[in-house]
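Remarks on the overall topology
Letter by letter, the chains look like this.
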Amino acid sequence: GLEAATDPVIAVMPGGRFALGGVAFTRGFKSAVFVSMWRDVPDAEGKHHIKSDGTHIVVMLGSQSSNGVFTDKPAIIADTKRNSSDPNACGPIYIAFSVFDGVMSNGNFRTKLMFSRSIDCGDSWQNAFKINGNTNQNQGLSLAVDPNNGDVYAVWRSLNPNQIMMVKSTDGGLNFTSPTVISS
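Read on for an overview of the structure. (Residues numbered from 1 in each chain as written. Predicted model: local features only at pLDDT ≥ 70, side-chain atom pairs only at ≥ 80, totals over all residues. Heavy atoms only, no water.)

This next bit is on the pattern of salt bridges. Scanning the model with the defined rule gives eight salt bridges in all. Between Asp53 and Arg39 there is a salt bridge; the shortest N-O distance is 3.0 Å. Of this pair, Asp53 sits in strand 4 (residues 48-62) while Arg39 sits in strand 3 (residues 30-42), and the two are 14 residues apart along the sequence. Assessed through its relative accessible area of 27%, Arg39 is described here as partly exposed. Lys51 serves as the salt-bridge partner of Asp53, at 3.1 Å between the closest nitrogen and oxygen. What you see here is one network of salt bridges that share partners, running through Arg39, Lys51 and Asp53. (Salt bridge = Lys/Arg side-chain N within 4 Å of Asp/Glu carboxyl O. Helix = DSSP H or I, 4+ residues; strand = E, 2+ residues; numbered from the N terminus. Buried < 20%, exposed > 50% of the residue type's maximum accessible area, 1.4 Å probe, protein only.)

Structure representation (structure tokens):
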């Protein structure tokens, strides 16, 4: 296993479920983005018990160099299951994170922002893909879901040039628009 974990994020879901995401790592070696699924299960006496539904690795990366590849700063959010009348049905869960993947020729770090989703209550995760377009220095990612239609938004800071960027998905996180500057 990995030695430590950091950067916890949480998404509350219907039916007493919640998804706890974060980064686990062994310093100077590997890092992983993980999601642990949990459920609040009331018993016959009205007491609540928090039950683990398992932990899943979304991505495992790493290298042993001091400027190598590692994951950082996840963001997580869950949506409702829009095509179900069951108020406890699981909707999609979205997670995005930074991947530091080395240094550019000018000595500055290089990052890409990755996105993944689960459509089965966190049991499996689709392969993560890059959402930041051509920007090379990115950090501070946040996710939002439009409560009216389920559109997914990712917003982050691009450091060179210094600006706030946004992408949008209208198909449940399968595809995103090209990044747009929303503040500079």
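Another aspect to go through is the sheet that holds strand 11 (residues 162-169). The sheet built from four strands is open, its strands ordered 9-10-11-12 with antiparallel pairing. One side of each edge strand has no neighbouring strand; the edge strands of this open sheet are strand 9 (138-145) and strand 12 (180-183). In this sheet, adjacent strand axes meet at a mean angle of 30° when their direction is disregarded. Of the pairings in the sheet, the one linking strand 9 to strand 10 (residues 152-159) comprises six bridges and is antiparallel in character. Bridging across to strand 10, Asn138 finds its partner in Ser158. (Pairing = 2+ DSSP bridges. Axes fitted to C-alpha atoms, helices over the stretch in contact; angles between N-to-C directions.)

So, about the pairing of strand 7 (residues 109-118). Along any regular strand, the residues point their side chains to alternate faces of the sheet. For strand 7, the buried fraction is high: seven of the ten residues fall into the buried class. Pairing geometry for strand 6 (residues 90-103) and strand 7, over nine bridges, is antiparallel. Pairing of Tyr94 across the sheet is with Arg117, part of strand 7. Taken together, the two bridges between strand 7 and strand 8 (residues 129-130) define a ladder with antiparallel strand orientation. Counted as the bridge partner of Met114 is Lys130 from strand 8.

Applying the stated criterion across every chain yields a total of one disulfide. Through a disulfide, Cys90 is tied to Cys121; the S-S separation comes to 1.7 Å. Remark: Cys121 occurs in the loop between strand 7 and strand 8 and Cys90 occurs in strand 6; sequence separation between them is 31 residues. Relative accessible area serves as the criterion here: at 11%, Cys90 is assigned to the buried category. (Disulfide = S-S within 2.5 Å.)

This part takes up the environment of Ala144. Along the chain, Ala144 turns up in strand 9. Residue classification places Ala144 among the partly exposed positions, given a relative accessible area of 34%. For the pair Ala144 and Lys168, spaced 24 residues apart in the sequence, the C-alpha separation amounts to 9.6 Å. Ignoring sequence-local partners within four residues, the contact set of Ala144 consists of Ile77, Asp151, Val152 and Tyr153. (Contact = heavy atoms within 4.5 Å.)

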